[in-house]
Amino acid sequence: IEGATPQEILEASKPKIPEEISRMKFEMQVLLTTGIEWDEIIAYIVALEMSQLYKKLLLIRLKRCVTLKREDTDLNVISSLMGITQEQLDEIFINGNLIE
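Here's a quick rundown of the structure. (Residues numbered from 1 in each chain as written. Predicted model: local features only at pLDDT ≥ 70, side-chain atom pairs only at ≥ 80, totals over all residues. Heavy atoms only, no water.)

**Here we look at the nonpolar core**
Inside soluble globular proteins, nonpolar side chains tend to come together where they are buried. Counting residues in hydrophobic clusters, the biggest one holds 20 residues, and the most contacted among them are Phe-26, Ile-41, Ile-45, Leu-62, Leu-68, Leu-89 and Phe-93. Listed by contribution, the elements that provide at least two residues to this core are helix H2 (23-34), helix H3 (38-47), helix H4 (52-64), helix H5 (73-81) and helix H6 (86-96). No other element matches H3, which puts four residues into this core. The residues touching Leu-89, leaving out its near neighbours within four places in the chain, are Phe-26, Arg-70, Leu-75, Asn-76, Ser-79 and Ile-84. (Core = buried A, V, L, I, M, F, W, Y, C linked by side-chain atoms within 4.5 Å. Buried < 20%, exposed > 50% of the residue type's maximum accessible area, 1.4 Å probe, protein only. Helix = DSSP H or I, 4+ residues; strand = E, 2+ residues; numbered from the N terminus. Contact = heavy atoms within 4.5 Å.)

Encoded structure:
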């Protein structure tokens, strides 16, 4: 990129983070990236201290969703609580969307 700073070149060369991923690809890539299985995520949510109604709604959304959105607040909070970094979450969305 002519006239670009090294920082701008670095930013331009980074892979674009997809806005969403299918649940199947997400499940597969979480396992590949972190070693965490889908059932462990569900069990973690079940064990959380929170409103039972909110927990049930969260579990329904998670179990029945077709896609997950990268900017979803619940996804980011649960991931963080489970020790999944934002960088790992980006990697999950990038690499997961490459799965055929």
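**Topic: the layout of surface pockets**
Of the voids in this model, the largest pocket is the one considered here, and its volume is about 260 Å³. Along the walls of the largest pocket sit 17 residues, with Arg-61, Leu-62, Leu-68, Asp-72 and Leu-75 positioned nearest its centre. Sorting the residues of the lining of the largest pocket by element identifies H3, H4, strand E2 (67-69) and H5 as the ones contributing at least two each. Ranked by residue count, the leading element in the lining of the largest pocket is H5, at four residues. (1 Å grid on protein atoms, 1.4 Å probe; cavity = no way out; pocket = protein on both sides within 12 Å on 5 of 7 lines; lining within 4 Å. Points joined across faces, edges and corners; volume = space filled by probe spheres on them.)

**A look at the pattern of salt bridges**
Applying the stated rule across the entire model yields five salt bridges. The shortest N-O distance in the salt bridge between Arg-23 and Glu-27 comes to 3.0 Å. Separated by four residues within a single helix, Arg-23 and Glu-27 lie in helix H2, roughly one turn from each other. According to the relative accessible area criterion, Arg-23 is partly exposed, its value standing at 21%. For Asp-90, the salt bridge identified is with Arg-70, shortest N-O distance 2.8 Å. With Asp-90 in helix H6 and Arg-70 in the loop between E2 and H5, this pair connects stretches of sequence that are 20 residues apart. When its relative accessible area of 5% is taken as the criterion, Arg-70 is described as buried. Several salt bridges converge on common partners, so that one network encompasses Arg-61, Asp-72 and Asp-74. (Salt bridge = Lys/Arg side-chain N within 4 Å of Asp/Glu carboxyl O.)

**Quick word on the side chain of Asn-76**
Along the polypeptide, Asn-76 turns up in helix H5. For Asn-76, a relative accessible area of 15% gives the class buried. Within the local environment of Asn-76, its side chain forms a polar contact with the side chain of Gln-86, the two groups lying 3.2 Å apart. Each residue touching Asn-76, except ones within four places of it in the same chain, is listed here: Arg-70, Glu-71, Gln-86 and Leu-89. (Polar contact = N/O pair within 3.5 Å; in protein donor to acceptor, adjacent residues only side chain to side chain.)

**Structural notes on a nonpolar patch on the surface**
On the surface, a cluster of nonpolar side chains totalling about 300 Å² of accessible area is made up of Leu-53, Leu-57 and Ile-60. Mapped onto the fold, Ile-60 is located in helix H4. A relative accessible area of 47% means that Ile-60 is categorised as partly exposed. (Patch = residues over 30% accessible without salt bridge, like charges linked within 9 Å, V, L, I, M, F, W, Y side chains within 5 Å. Areas by Shrake-Rupley, 256 points an atom, 1.4 Å probe, with all protein chains shown as cover.)

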